[in-house]
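As a plain string of letters, each chain reads:
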Amino acid sequence: MKKCFLVTLLVLLMSLSAVVTAPAGPIIDRILQRGELVVGTAGNMPPLNATSKDGKVIGFEADIARFMAGGMGVKLKMATMDFARLLPSLKAGKIDMIISAMTITPQRNLKVAFVGPYFISGKGILTRYETMASIDDAAKLNSPDKTLAALEGSTSQLFVERVISKAKLVKAKTYDEALDLVLKGKVDALIADYPYCTLSAYRYRQQGLVTVNKPFTYEPLGIALPPNDPLLVNWVQNSLRTLEGSGELRRLQKRWFEDASWLKDLP
């Protein structure tokens, strides 16, 4: 009860601040005039983001997005799309920010602003048990006789192209598509964010899916923002600090990464 009261108070204070402070940035102006924060997400990367049976976007990142919208005193719209379309949509002004397991990289940061990290991830391997018996690290996948799937436009795709370049690469538009390739034996493994690999190995253990014990890269996940609104960047920075300092970010991590009860809401 005390935690809920604290979070409500924090959101209320942030909302009041948004009301009494005159906006000075184009994106914040657009959000407040519209009365809606539009957050881009893939919507199929549990536990970070996922689409429930009733079509709602849920997950660790969805809760962060709700906190941001609450602080602005506006409604939240989660715009789901293929991962590769997120950055172009942000550039075109179709969405206000991206919260979707996006790694902060120098190349991306040349084009958009990033706030974070709010979570540290890394690359994992999702494969079948019989394949994992001969693979205990990424190097053993670097062979012309291996076929790997990776999400199009992701750092996983870049990782395969640069580090496991001898293997054949199949670019999937969504994690669901990539997962289906692994389950049907059309690829030897999926290279993806470690949390997704861990969760999928748990969900589909009866089908023989397994993953590695720990990630083999370091990847900080951040909130991607348009580069032309310093006030929005500053606002999101302070909001994320509030979320961290209050302990609410850790509580959300425990809910989505340590409690599997929400899995019943997935299709």
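Residues numbered from 1 in each chain as written. Predicted model: local features only at pLDDT ≥ 70, side-chain atom pairs only at ≥ 80, totals over all residues. Heavy atoms only, no water.

Points about the overall build of the chain
Filter applied, for reference: Under the scheme used here, helices are H or I runs from DSSP no shorter than 4 residues and strands are E runs no shorter than 2 residues, and both carry numbers assigned from the N terminus. Note on classification: 1.4 Å probe, protein chains only; a residue is buried when its accessible area is under 20% of the maximum for its type, exposed when over 50%, partly exposed between these limits. Whether two residues touch is decided by their heavy atoms; if any such pair falls within 4.5 Å, the residues are in contact.
On a plain count of helices and strands, the chain comes out with eleven helices and twelve strands. The proportion of buried residues among the 267 residues of the chain is 52%. Put simply, of all contacts in the chain between residues at least 6 apart along the chain, 71% involve residues at least 24 apart.

Side note on the sheet that holds strand β7 (residues 123–128)
Quick reminder of the rule: Strand pairing is assigned whenever DSSP detects at least two bridges linking the two strands. Lines are fitted to the C-alpha atoms to define the axes, a helix being fitted only along its stretch in contact, and any angle between axes, read from their N-to-C directions, falls within 0 to 180 degrees.
One open sheet accounts for five strands, arranged β9-β8-β10-β7-β11; its pairing is mixed. Taken across any chain shown, the strands that pair with only one partner, and hence form the sheet edges, are β9 (168–172) and β11 (209–211). On average, each strand axis in the sheet is tilted by 30 degrees relative to the strand beside it, whichever way the strands run. Summarising the sheet, strand β8 (residues 147–151) and β9 pair through five bridges and their orientation is parallel.

Details of the side chain of Ser121
Considering the arrangement of structural elements, one finds Ser121 in strand β6 (residues 113–121). By relative accessible area, which is 6% here, Ser121 ends up buried.

Describing the pairing of β8
Counted only if it meets this: Note on handedness: a crossover is taken as right-handed if, strands pointing away from the viewer, the path from the first strand over the helix to the second is clockwise.
Where burial is concerned, most of β8 is hidden: five out of the five residues are buried. Side chains of β8 alternate between two faces, with Thr147, Ala149 and Leu151 and Leu148 and Ala150 buried alike. Taken together, β8, helix α7 (residues 155–163) and β9 form a β-α-β motif whose crossover is right-handed. Pairing geometry for β8 and strand β10 (residues 189–193), over three bridges, is parallel. By the bridge assignment, Ala149 is partnered in β10 with Leu190.

Some thoughts on empty space enclosed by the protein
Quick note on the threshold: With a 1 Å grid spanning the protein atoms alone, the term cavity applies to any set of points in which a 1.4 Å probe fits but cannot get out, the term pocket to an open set with protein on both sides within 12 Å along at least five of seven lines, and the term lining residue to any residue with an atom within 4 Å of a point. Grid points are joined across faces, edges and corners, and a volume is the space filled by probe spheres set on the points. The nonpolar class holds Ala, Val, Leu, Ile, Met, Phe, Trp, Tyr, Cys and Pro. Asp, Glu, Lys and Arg form the charged class, and all remaining residues, Gly among them, are polar.
For the structure shown, the criterion picks out one cavity of 30 Å³ or more. For the largest cavity, the calculated volume is near 60 Å³. Forming the walls of the largest cavity are 13 residues, and the residues nearest its centre are Phe83, Ala101, Ser154, Thr155 and Asp193. Class assignment for the residues of the lining of the largest cavity results in six nonpolar, four polar and three charged.

Side note on unusual backbone geometry
Most peptide bonds take the trans configuration, and most residues that are not glycine carry a negative phi. Cis geometry is adopted by the peptide bond preceding Pro47, which originates at Pro46 and carries an omega value of 5 degrees. Inspection of the secondary structure assignment puts Pro47 in the loop between β1 (36–41) and β2 (50–51). Backbone torsion omega between Gly116 and Pro117 reads 5 degrees, so that peptide bond is classified as cis. Structurally, Pro117 is set in strand β6. The phi dihedral of Ala101 falls on the positive side, at around 50 degrees, and the residue is not glycine. Locating Ala101 in the fold gives a position in the loop between β5 (97–98) and α5 (106–109).

Things to note about the side chain of Glu219
Selection criterion: Think of a polar contact as two N or O atoms within 3.5 Å of one another; within protein, one of them needs to be a possible hydrogen donor and the other a possible acceptor, and neighboring residues in sequence only count if both atoms come from side chains.
Mapped onto the secondary structure, Glu219 falls in strand β12 (residues 219–225). With a relative accessible area of 7%, Glu219 lands in the buried category. Among the polar contacts listed, one links the side chain of Glu219 to the side chain of Lys123, at a separation of 3.1 Å. Within the structure, Glu219 has its side chain in polar contact with the side chain of Thr155 (distance 2.9 Å). Not counting residues up to four positions away in its chain, the partners in contact with Glu219 are Thr103, Phe119, Ile120, Ser121, Gly122, Lys123, Thr155 and Asp193.

So, the packing of helix α3 (residues 60–72) against helix α10 (residues 230–245)
What counts, and what does not: Left-handed describes a crossing whose near helix is turned anticlockwise from the far helix by less than a right angle; the clockwise case is right-handed.
Closest axis-to-axis distance for the α3/α10 pair is 11 Å, and the angle between their directions is 115 degrees. Here α3 and α10 pass one another in a crossing that is right-handed. For the pair α3 and α10, contact is made by Ile64, Phe67, Met68, Gly71 and Met72 and by Leu232, Trp235, Val236, Ser239, Leu240, Thr242 and Leu243, respectively. When the residues that make up the contact of α3 with α10 are grouped by side-chain class, the tally is nine nonpolar, three polar and no charged.

Here we look at helix α2 (residues 26–34)
Formally: Along the arc lie the directions from the helix axis toward the C-beta atoms.
Taken residue by residue, α2 has Ile27, Ile28 and Ile31 as its buried positions. Within α2, the buried residues cover an arc of 100 degrees as seen down the axis, which keeps them to one side. Buried positions along α2 lie against β1, α3 and α10. Positioned one or two residues after α2, Gly35 has a phi angle of 75 degrees, which is positive.

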